[in-house]
Amino acid sequence: MFRHPHVGYYKFYAIYQVLGKMDQAQFSEFSSLNNSVSYLLLAHFVACEILMAPILGREWRGRIISTPMEGTLQWLCGMRDGIPANLRSFLDWPVGVAS
């Protein structure tokens, strides 16, 4: 548990750096529908991102690049069909956050 909220925020932000350091082949493998565990991890990451959207929006205000939250919501809600039936219950929380 973090004693200060900003520490948790920076730890979450560090995930962006990890994803950003992946080359195209690594990210394709990580985000592939054939990699169900990674796909579920991405779903939970996106749910956290949705919850933090007001903070992230404030941080990104005034920058040229925006955060495409609407496309992210559609992706998250639509991913249920690509996950094997025995793993779909793990999507309940992320999809609930996006709904």
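The preceding data block contains the structure.
Everything numeric here is computed off the predicted structure, so don't read it as measured data.

**Student:** With reference to specific residues and values, describe the overall build of the chain.
**Tutor:** When helices and strands are tallied, the chain shows six helices and zero strands. Starting at the N terminus and ending at the C terminus, the chain contains elements arranged as α-α-α-α-α-α. Buried residues in the chain amount to 28% of all 99 residues. Within the chain, counting contacts between residues at least 6 apart in sequence, those at least 24 apart form 60% of the total.

**Student:** Any details on helix α3 (residues 36-51)? Residues and values, ideally.
**Tutor:** For α3, built from 16 residues, the straight-helix expectation of 22 Å at 1.5 Å per residue is met to within 8% by its first-to-last C-alpha distance of 23 Å. For α3, the full list of buried residues reads Ser36, Ser38, Tyr39, Leu40, Leu42, Ala43, Phe45, Val46, Ala47, Glu49 and Ile50.

**Student:** Tell me about the environment of valine 95, residues and numbers included.
**Tutor:** Structurally, valine 95 can be placed in helix α6 (residues 92-98). Counting along the chain gives 48 residues from valine 95 to alanine 47, while the straight-line C-alpha distance between them is 7.5 Å.

**Student:** How would you summarise the nonpolar core if you had to cite specific residues and measurements?
**Tutor:** Core analysis: the largest hydrophobic core is formed by 19 residues, its most contacted members being Ile50, Leu76, Met79, Ile83 and Leu91. For this core, the elements supplying multiple residues, two or more each, are α1 (5-21), α3 and α6. Top contributing element to this core by residue count: α3, with seven residues. If we skip the residues at most four places from it in the chain, isoleucine 83 touches Ser36, Tyr39, Leu40, Arg88 and Leu91.

**Student:** Now, about the environment of leucine 76: what can you tell me, with residues and values included?
**Tutor:** Relative to the assigned elements, leucine 76 resides in helix α5 (residues 69-78). It is 9.9 Å that separates the C-alpha atoms of leucine 76 and glycine 96, two residues lying 20 residues apart in sequence. Beyond its immediate stretch of four places on either side in the chain, leucine 76 contacts Ala43, Val46, Ala47, Ile50, Pro94, Val95 and Ala98.

**Student:** Now, about the side chain of serine 38: what can you tell me, with residues and values included?
**Tutor:** Its location among the elements puts serine 38 in helix α3. Judged by its relative accessible area of 9%, serine 38 is buried. Looking at serine 38, its side chain comes within polar contact range of the side chain of asparagine 35, at 3.0 Å.

**Student:** I'd love a proper account of α1, names of residues and values included.
**Tutor:** Between its first and last C-alpha atoms α1 spans 25 Å; for 17 residues at 1.5 Å apiece the expected length is 24 Å, and the two agree. Looking only at α1, the buried set comprises Gly8, Tyr9, Phe12 and Leu19. Looking straight down α1, one finds that the buried residues subtend no more than 105° of arc, so they occupy a single side. Opposite the packed face of α1, turned more than 90 degrees from it, sit the exposed residues Tyr10, Lys11, Val18, Gly20 and Lys21.

Cut-offs applied
- Residues numbered from 1 in each chain as written.
- Predicted model: local features only at pLDDT ≥ 70, side-chain atom pairs only at ≥ 80, totals over all residues.
- Heavy atoms only, no water.
- Helix = DSSP H or I, 4+ residues; strand = E, 2+ residues; numbered from the N terminus.
- Buried < 20%, exposed > 50% of the residue type's maximum accessible area, 1.4 Å probe, protein only.
- Contact = heavy atoms within 4.5 Å.
- Expected span 1.5 Å × (residues − 1).
- Core = buried A, V, L, I, M, F, W, Y, C linked by side-chain atoms within 4.5 Å.
- Polar contact = N/O pair within 3.5 Å; in protein donor to acceptor, adjacent residues only side chain to side chain.
- Arc of directions from axis to C-beta.

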